[in-house]
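# Overview (structure and organization)
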Amino acid sequence: GSFTLTGCVPAAEKVATVDGQVITKAQYDAVYNDYAQKFRFQFGDANEQNPMAKEMLKSLTLKKLVMNTLIQKEADKLGVKVT
């Protein structure tokens, strides 16, 4: 699938587009905050401010959202439904 950072959703609301599916800032923030909370629990608040830690959290967040989007699109294509 393709991955771009442009599209039709207002720029302030959009983080990325994966195969035509927009990943919004709200989705990104929710996943980032989850990772950040786990990071703080494991390493403490001060370490989260480390620039390398911030980049790691950002990278993990985007990778998770991209993978989840691709998996969901493939599941939809195959007609897989979670019940």
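See the structure above.
Residues numbered from 1 in each chain as written. Predicted model: local features only at pLDDT ≥ 70, side-chain atom pairs only at ≥ 80, totals over all residues. Heavy atoms only, no water.

### A few points about the packing of helix 1 (residues 25–43) against helix 3 (residues 51–78)
- Contact geometry of helix 1 with helix 3 gives a least axis separation of 9 Å together with a crossing angle of 130°. Comparing the axis directions of helix 1 and helix 3 gives the class oblique. Helix 1 and helix 3 meet at a crossing whose hand is right-handed. Counting all contacts with helix 1, which are made through Q27, Y28, V31, Y32, Y35, A36 and F39, the residues of helix 3 involved are A53, K54, M56, L57, K58, L60, T61, L62, K64 and L65.
- When the residues that make up the contact of helix 1 with helix 3 are grouped by side-chain class, the tally is 12 nonpolar, 2 polar and 3 charged. (Axes fitted to C-alpha atoms, helices over the stretch in contact; angles between N-to-C directions. Helix = DSSP H or I, 4+ residues; strand = E, 2+ residues; numbered from the N terminus. Parallel < 35°, antiparallel > 145°, perpendicular 65-115°, else oblique. Left-handed = near helix turned anticlockwise from the far one by under 90°. Contact = heavy atoms within 4.5 Å. Nonpolar A, V, L, I, M, F, W, Y, C, P; charged D, E, K, R; others polar.)

### Details of helix 3
- When the terminal C-alpha atoms of helix 3 are compared, their 41 Å separation across 28 residues agrees well with the 40 Å that a helix rising 1.5 Å per residue should span.
- Along helix 3, the residues that are buried comprise A53, L57, T61, L65, V66, T69 and A75.
- N-cap assignment for helix 3: the residue whose side-chain oxygen lies 2.7 Å from the backbone N of M52 is N50.
- G79 occupies a position one or two residues after helix 3 and carries a positive phi of about 80°. (Expected span 1.5 Å × (residues − 1). Buried < 20%, exposed > 50% of the residue type's maximum accessible area, 1.4 Å probe, protein only. Polar contact = N/O pair within 3.5 Å; in protein donor to acceptor, adjacent residues only side chain to side chain.)

All quantities given are derived from atomic positions and should not be read as evidence of function.
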